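Examination of the molecular architecture
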Amino acid sequence: MLFYLDDIRFKYELEKLARTVLPFERFQFTENIHDITADSEYFKIQSAERLLTEIKVDGKKETREREKTTEDFNENELQLALMLFDCIYKISGYRSSWGILTGIRPAKLLGKLIASDGIDSAIDYFKNTFLVSSKKTELCLECNRSERAIVERSTPDSFSLYISVPFCPSRCNYCSFVSHSVEQAKRLIPRYVELLCEEIKSTAKIAKDLKLVLRTVYIGGGTPTTLSAEQLTEVFDTVSASFDLSNIEEYTVEAGRPDTVTKEKLIAISKSGATRISINPQTMNDQVLKNIGRRHTVAETVEAFKLARECGFNNINTDLIAGLSGDTFESFQRSVDEIIKLNPENVTVHSLSMKRASNLTKSQTVFDIKEGETASKMVDYAREKLTENGIKPYYMYRQSKTVGNLENVGYAKPGFECLYNVYIMDETHTILACGASAVTKLREPYGNNIERIFNYKYPYEYIERFGDILDRKQKIFEFYAQYSRDVCKN
């Protein structure tokens, strides 16, 4: 489909808005108006003399036009977005509850508006300028309050540690993460663990030299519990021996797939000092589990959860996904109800994100608006029932190409909020990351500048080019040398 813009600077925001209803579409961007013919389907954005948005999809056409009253780029972008949003609604019949907002961190944006203009003005701007629904605005407010309280716990010398274990029992059909099934990558795991431990040691030395203070540890993936109990212990022991853990406030290990959870692995996790684990069913419907490529059952989820309790874990997160293949609203309701019966401390409710690299996206070409409407009902039900049971929203983020243009929300009982989730999303402080596909995110100690250092994505690359990864880590010293006050220079 053609996407014409007479000013390419508008591409970023307006393309994201278009993808709220056409997530799989391959747009051909052009600045030549003559590329559009009578037979074309297109998005047309003009801003030179008048502001104009026009859409032609499936034989339907909608046009909005208004006077251009300013040369201010941001104001014109806002007006074009509002016009495009109205065209999309008229063509598709679907009105996103997030209005024209497309950013990752809406709660953080609301917080900035509150800080500059006051709460009443900020709420009014969200609802009447961005066209965000009352429900989503209230959700932003609640998350902003919780996130702000957590962010305030961080200090300029704080950092978190992320460790990536990019292996899974099988690949889910919606997954676009760089993770490998154990069948494909089993031979790589011993060498991967060996080098991962070397990177952990090197990273710890850097943190020590810079006098950084470790606040949270998060071991994710993939599914870390695809490793054996002995391999997990090797990683945990390396963390304990290399880092000063005396100031940490949280230590999370994703147990992830219920079919990877064993008593031996849970004991290894407990001995590591971990304070929080995740057991993630995604759905409590056996047929939906089969649809998405999971090899565990609902019964195994319940068994793994109970086993974790028996092993002494008192802070367990479970994940659910709204909009999975073959799931219905009634089935999702049952999933929420069954999770509540397990009485977890955390529940994360994701909206299905249809990423380009996932098998699901590769097998579909058209987005059904009804799927978005159903998913919207699902997340509303989850919020209602979880809140009723004392599990309240504390952080939120959004991704592109989510079904229904919806959000991902972390819910927790008071006092069990995941600090790492907030720190990584808010970009509160530095995240030092180890492992394949891990991204170190450096945050200026007394400012807002962010720089990233990327590890190689795939385990085989990580193993083959490990020396390069250690060399890249030295850039951490260069970053802190620019901004150091109390943090020492190398």
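Higher on the page you've got the structure.
Note that the structure is predicted; figures quoted are calculated from it, not measured. (Residues numbered from 1 in each chain as written. Predicted model: local features only at pLDDT ≥ 70, side-chain atom pairs only at ≥ 80, totals over all residues. Heavy atoms only, no water.)

1. With respect to the side chain of Lys136
The residue Lys136 is located in helix H5 (residues 134-151) in this model. Residue classification places Lys136 among the buried residues on the basis of a relative accessible area of 5%. Engagement of the side chain of Lys136 in a polar contact is seen with the side chain of Glu407, the distance being 2.8 Å. Among all residues touching Lys136, those that are not within four sequence positions of it are Ser97, Trp98, Val379, Asp380, Leu406 and Glu407. (Helix = DSSP H or I, 4+ residues; strand = E, 2+ residues; numbered from the N terminus. Buried < 20%, exposed > 50% of the residue type's maximum accessible area, 1.4 Å probe, protein only. Polar contact = N/O pair within 3.5 Å; in protein donor to acceptor, adjacent residues only side chain to side chain. Contact = heavy atoms within 4.5 Å.)

2. Here's the deal with the nonpolar core
Side chains that are nonpolar tend, in soluble globular proteins, to be buried together. Counting 130 residues, the largest nonpolar core has Phe43, Leu161 and Phe243 as the members making the most contacts within it. The residues touching Leu161, leaving out its near neighbours within four places in the chain, are Leu214, Thr216, Val217, Tyr218, Val239, Phe243, Leu432 and Cys434. (Core = buried A, V, L, I, M, F, W, Y, C linked by side-chain atoms within 4.5 Å.)

3. A word on the pattern of salt bridges
Throughout the structure, instances matching the rule amount to 26 salt bridges. Between Lys136 and Glu407 there is a salt bridge, and its shortest N-O distance comes to 2.8 Å. Taken together, the residues Lys136 in helix H5 and Glu407 in the loop between strand E14 (392-397) and strand E15 (408-412) connect sequence positions 271 residues apart. Arg452 is the partner of Glu427 in a salt bridge, and the nearest nitrogen-oxygen pair spans 3.0 Å. One end of the pair, Glu427, is in the loop between helix H15 (419-426) and strand E16 (430-434); the other, Arg452, is in strand E18 (residues 450-454), and 25 residues separate them in sequence. You can call Glu427 buried: its relative accessible area is 14%. On the basis of relative accessible area, Arg452 is assigned to the partly exposed category, the value being 41%. (Salt bridge = Lys/Arg side-chain N within 4 Å of Asp/Glu carboxyl O.)

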